[in-house]
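Residue-level listing of the chains:
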Amino acid sequence: MSEEQRRERPRRRSKARIALIVALGLVLVLAGGAFATVTYLQGRLNAGIERIEDPFAELTDRPTNEPRENEDGDEFPPPVNILVLGSDSRISAGDPNQWRAGAQRTDAIMLAQVSGNRKNATLMSIPRDSWVDVPGYGMNKINAAFSYGGPTLMIDTVEQLTGVRIHHFAVADFESFSALTDELGGVEIALTQPLATDSGTLQPGTHLLDGDQALQYARERYNVAGGDFGRVQRQQNWMRAIMAAAFDREVLTNPGRLMSFLETVTQSVAVDEGFTIGEMRDLALGSRELRPGSVTFITAPYSGTGRSPDGRQSIVLLNEPLFNEVSLAFAEDRIAQYLAANPGVAPQLGDAVS
């Protein structure tokens with residue numbers, strides 16, 4: 001490491017600490033500042049969030065995951081598990097309250113967990129064509145659950161598949177991610193192969209992509225190594241780039257930019273009605289030690305692809321022994337430790353993505 005790099009590292013750490021302090025200050029204003037300010041700021045954020053009528057109300061026989069103990073024998077707070085759906089079309093996923101049987105599927109399915117100690121977050125993508133048991137409908141592609149029964153059946157399917165209790169549900173379309181990218185002034189993504197965009201072809205290398213270019217990067221279906229598995233990693237890579245940009249570009253140190261960013265975030269997703277602004281605030285406050293490097297993106301372990309029994313559908317075959325191990329680690333709030341002790345057990349997002 002050069003002398004210049006050694007000097008730069010303390011400056012970066014100092015900048016990160018300042019960013020977190022300012023962000024925490026804004027959260028505390030929301031939590032305990034003047035009543036008028038609290039009402040105004042929370043009202044602005046809350047107004048942009050689309051609420052999904054309680055998708056958990058009709059669920060029965062749900063997993064009950066035991067809290068994990070720390071080294072002193074004290075229990076950590078429970079982890080927070082969020083089922084996140086994504087689509088490249090607002091028609092199919094942008095308004096889940098308008099769900100109609102057979103009319104909607106989802107392109108991205110992620111189980112996101114913030115650990116009980118709030119120091120790690122793990123996002124596991126489940127390939128949309130995974131062949132699983134959809135309660136009441138038998139074996140089918142997992143994304144068919146949303147088509148058959150909307151958010152409630154999607155949650156039930158993932159809970160029965162993984163044994164992990166879902167606390168919240170969120171859905172977004174990638175066009176909203178495009179707006180979020182532009183709000184940040186673009187995101188840096190390293191391309192390992194050419195990317196055709198409306199403004200021309202970008203050659204391999206690191207590029208600052210605007211929202212439209214990033215959307216084309218994530219939507220590409222035919223020129224992606226690994227097919228849908230590669231597309232899953234592109235979706236994850238875009239999310240990681242958004243997180244990195246928000247952390248690195250003084251968004252957190254500028255209350256005005258932070259508020260604008262948060263408003264764009266809230267306008268980009270729909271969440272269950274129980275995921276209130278207050279609960280989001282408490283989760284953000286509790287997770288203030290999280291860094292981009294503490295967030296891990298993985299894909300559910302799979303053994304390959306195949307055909308459905310009738311031969312009509314191309315499907316993804318999950319590696320059941322490994323998938324069950326990973327799911328149990330989620331359920332027991334030790335997924336970060338499990339992945340560290342078992343590198344390679346699940347495909348993990350690396351620095352280079354096709």
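Above this text is the structure in question.
Just so it is clear, the model here is predicted, and its values are computed rather than measured.

How do you make sense of the overall build of the protein when you look at a structure like this?
Broken down by element type, the protein carries 11 helices and 15 strands. Here the protein holds 354 residues, and the buried ones make up 47% of them. Within the protein, contacts between residues at least 6 apart in sequence are counted, and of these 68% link residues at least 24 apart. As presented, the protein carries roughly 16900 Å² of accessible surface, and 50% of it is formed by carbon and sulfur atoms.

Could you clarify how one ought to interpret the packing of helix α5 (residues 174-183) against helix α6 (residues 211-219) in this entry?
Each pair of packed helices can be described by the angle between their axes along with the distance between the axes. Two elements in contact, α5 and α6, have axes separated by 8 Å at closest approach and are oriented at 140°. The orientation of α5 relative to α6 falls into the category oblique. Note that α5 runs across α6; the crossing there is right-handed. Judged by residue contacts, Phe174, Glu175, Ser178, Thr181 and Asp182 of α5 engage Gly211, Asp212, Ala214, Leu215 and Arg219 from α6. Looking at the contact of α5 with α6 residue by residue, the class counts come to 3 nonpolar, 3 polar and 4 charged.

So what exactly am I meant to see when it comes to the sheet that holds strand β13 (residues 295-299) here?
Remark on secondary structure: sheet strands pair via backbone hydrogen bonds, oriented parallel or antiparallel. Pairing within the open sheet is mixed, and its 7 strands lie in the order β1-β12-β7-β2-β3-β4-β13. The sheet is open, and its two edges are formed by β1 (50-52) and β13, each paired on a single side. Across this sheet, the average inter-strand angle for adjacent strands is 25°, counted without regard to direction. For β1 and strand β12 (residues 269-272), the ladder comprises 3 bridges, and the chain directions are parallel. Within the sheet, the bridge partner assigned to Arg51 lies in β12 and is Val271. Running at roughly 150° to strand β2 (residues 80-87), helix α4 (residues 144-162) makes contact with β1, β2, β3 (108-114) and β7 (168-173) of the sheet.

Is there a simple way to explain the packing of aromatic side chains in this structure?
In this description, a pair of aromatic rings is defined by centroid distance and the angle of the planes. Considering all chains together, one arrives at 3 aromatic pairs under this definition. Here Tyr137 and Tyr148 contribute two aromatic rings whose centre-to-centre distance is 4.4 Å and whose plane-to-plane angle is 15°, an arrangement assigned as stacked. Here the residue Tyr137 occupies a position in the loop between β5 (131-134) and β6 (138-141), and Tyr148 occupies one in helix α4, the gap between them amounting to 11 residues. On the basis of an interplanar angle of 0° and a centroid distance of 3.9 Å, the ring pair of Phe229 and Tyr302 is categorised as stacked. Here Phe229 is found in helix α7 (residues 228-248), whereas its partner Tyr302 is found in strand β14 (residues 302-307), with 73 residues between them in sequence.

Hey, could you run me through the pattern of salt bridges in this one?
Pairing between side chains of opposite charge can happen when the charged atoms of each approach one another. Under the definition given, this model contains 5 salt bridges. Its salt-bridge partner being Arg128, residue Asp107 comes within 3.0 Å of it at the nearest N-O pair. Pair noted here: Asp107 is in the loop between α3 (90-93) and β3 and Arg128 is in the loop between β4 (121-125) and β5, with a separation of 21 residues, a long-range link. With a relative accessible area of 13%, Asp107 lands in the buried category. For Arg128, the salt bridge is made with Asp228, and the minimal N-O distance between the two is 3.1 Å. Placement of Arg128 in the loop between β4 and β5 and of Asp228 in helix α7 is noted, with a sequence separation of 100 residues between them. Judged by relative accessible area, which is 16%, Arg128 ranks as buried.

I'm lost on the pairing of β5 in this one. Help?
A regular strand carries its side chains on alternate faces of the sheet. Across 4 bridges, the pairing between β5 and β6 is antiparallel. Within β6, the position partnered with Asp133 by the bridge is Met139. With antiparallel pairing between neighbouring strands as the criterion, β5 and β6 make up a hairpin whose turn holds 3 residues, including Gly136 at a positive phi of roughly 90°.

The rules we used
Throughout, a residue's number is its position along its own chain's written sequence, starting from 1. With the structure being a predicted model, the display of local features is reserved for residues of pLDDT at least 70 and the display and counting of side-chain atom pairs for 80 or more, all residues being used for whole-chain, interface and lining totals. The side-chain numbers reported here are obtained from all heavy atoms of the structure, hydrogens and water having been left aside. A run of DSSP states H or I qualifies as a helix once it reaches four residues; a run of E qualifies as a strand once it reaches two. Both are numbered from the N-terminal end. Relative accessibility thresholds used throughout: buried, under 20% of the residue-type maximum; exposed, over 50%; partly exposed, between the two (1.4 Å probe, protein chains only). The contact rule is simple, with two residues in contact once any of their heavy atoms fall within 4.5 Å. Here the open area of atoms and residues is found with the Shrake-Rupley method and a 1.4 Å probe, where only the protein chains shown may cover a residue. To get an axis, a line is fitted to the C-alpha atoms, and for a helix only the part in contact is used. The angle between two axes follows their N-to-C directions and goes from 0 to 180 degrees. Roughly parallel here means an angle under 35 degrees, roughly antiparallel means over 145, roughly perpendicular means 65 to 115, and every remaining angle is called oblique. Should the near helix be turned counterclockwise from the far one by less than a right angle, the crossing is left-handed, whereas a clockwise turn marks it as right-handed. In this classification, Asp, Glu, Lys and Arg are treated as charged, Ala, Val, Leu, Ile, Met, Phe, Trp, Tyr, Cys and Pro as nonpolar, and every other residue, Gly included, as polar. Any two strands with at least two DSSP-identified bridges between them are counted as paired. The criterion for an aromatic pair is that two Phe, Tyr or Trp rings (for Trp, the six-membered ring) have centres within 6.5 Å, with stacked assigned to planes under 30 degrees apart, edge-to-face to planes over 60 apart and tilted to the rest. We count a salt bridge whenever a side-chain nitrogen from Lys or Arg sits within 4 Å of a carboxyl oxygen from Asp or Glu.

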